[in-house]
Amino acid sequence: MPCGMGLDFGIIQKEYSACRGGHCSPAERSGSRKVPGSMTSIDPYSVGGGFPIRPDIFRCRTRPRANHVRPYKLRKVNFMKYKLLLLDIDGTLRPGSCERVPKENAEAVCAVQKAGVKIAIATGRGRIGVGKGLLRSIRPDYWVCAGGAQLVDYKGADLALHRLTTEEMYALVDFFEDYDLPLRFTYHDANYAYLGYEEFARREREKNLALNIVDGEDQDKHLEEMPFGAFGFLSQEMADRFQEKYGYLGLNFLFSYPGSDGCDILQRGVDKGAGLRELAKLAGIDPADCVAVGDGDNDVAMLKAAGLGIAMGNGSAAAKAAANRIGPDAEPHGIAELCRALWPEAF
């Protein structure tokens, strides 16, 4: 479905869960539910104060359990207790087929924010890599950028910044140059492609991205300031080869999806999960009061760190395994569905 077309979505007001752990029973997964102490089946689309339940939108993640099935109970879920919503951009807030965030997603996020929930964008992009108009009407309260290396407030001021060291940067440049691999670094004013600018530009066009990448093959931008983010195109085999030579540096090559050749290159201890915890501390919010939504392997740490981690239906296996819940697909505007399901009071 083309971006911008609207749908009529159901609203989740209640969910069924196991008494412990919040996991579905086999009966729940089959779509037929029984009230404890009763033999009466409940139509999953007819309970919840007159609003339809959409198990296809919001599904419990299952884990291996003992042979017996524990009883489960009906409980009302108060999602307004969550104070911060963190959203990945590409493949989550912005479906891959769209040049920018769908209008429905933007309006839904703004409605949740108006209801009192703080909004944070959590992305592998540096703040400068989020082009004007990409988010439409969304004005985040916070940003977790460069895979967690850059935290920014709503005014655009840095709250925290984790720069690469000279040794880390030079090791990356030497290695990528030796094997003729594309490499870029994130600075405050742009993403500088030290190697392979044309390849970055080509892929940017193919994937509807606007990352503000400039030709940095003079390799001198770091003389003004050290970068706080790095991204490269290489195989897992080449990443392993880098670690054989420079493993003592502790750099982490975090691929977005299995089989992808694009990866964020992060310092030890830096990722979206660490960024969530650092931001929560600065904002005076308990990580348990945060909802994080993502789709890729680079969102795993964030999904684990949040009180409620939700992987999109189109997400990677690792993201889904790390999440507490599985949400709808990003296409055509899954975040709008999710916001309405989690915070019906906002609509």
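Read on for an overview of the structure. Computed from a predicted structure; not experimentally measured. (Residues numbered from 1 in each chain as written. Predicted model: local features only at pLDDT ≥ 70, side-chain atom pairs only at ≥ 80, totals over all residues. Heavy atoms only, no water.)

Concerning helix H9 (residues 334–342)
Taking burial as the measure, the nine residues of H9 include eight buried ones, the bulk of the element. Looking only at H9, the buried set comprises Gly334, Ile335, Ala336, Glu337, Leu338, Cys339, Ala341 and Leu342. Turning to H9, the residues buried within the fold contact strand E6 (84–87), helix H2 (103–114), strand E17 (290–294) and strand E18 (308–311). (Buried < 20%, exposed > 50% of the residue type's maximum accessible area, 1.4 Å probe, protein only. Helix = DSSP H or I, 4+ residues; strand = E, 2+ residues; numbered from the N terminus. Contact = heavy atoms within 4.5 Å.)

What about the packing of aromatic side chains?
Within the structure shown, the criterion is met by nine aromatic pairs. Consider the rings of Phe185 and Tyr194, whose centres lie 5.1 Å apart with planes at 80 degrees: the pair is edge-to-face. Each member of the pair, Phe185 together with Tyr194, is buried. Centre to centre, the rings of Tyr187 and Tyr192 are 5.4 Å apart; their planes meet at 85 degrees, and the pair counts as edge-to-face. Accessibility assignment for this pair places Tyr187 and Tyr192 in one class, buried. The lysine or arginine in question, Arg203, covers the ring of Phe233, its NZ or CZ lying 3.8 Å from the ring centre. Positioned above the aromatic ring of Tyr187 is the side chain of Lys221, whose terminal nitrogen or guanidinium carbon lies 6.0 Å from the ring centre. (Phe/Tyr/Trp six-rings, centres within 6.5 Å; stacked < 30°, edge-to-face > 60°. Lys NZ or Arg CZ within 6 Å of the ring centre and 35° of its normal.)

What about the side chain of Asp299?
Position of Asp299 relative to the elements: it lies in the loop between E17 and helix H7 (300–305). Among the polar contacts listed, one links the side chain of Asp299 to the backbone nitrogen of Asp295, at a separation of 2.9 Å. (Polar contact = N/O pair within 3.5 Å; in protein donor to acceptor, adjacent residues only side chain to side chain.)

Topic: helix H6 (residues 272–283)
Taking 1.5 Å of rise per residue, the 12 residues of H6 would be expected to cover 16 Å, and the 16 Å separating its terminal C-alpha atoms lies within 8% of that figure. For H6, the full list of buried residues reads Lys272, Gly273, Ala274, Gly275, Leu276, Leu279 and Ala280. (Expected span 1.5 Å × (residues − 1).)

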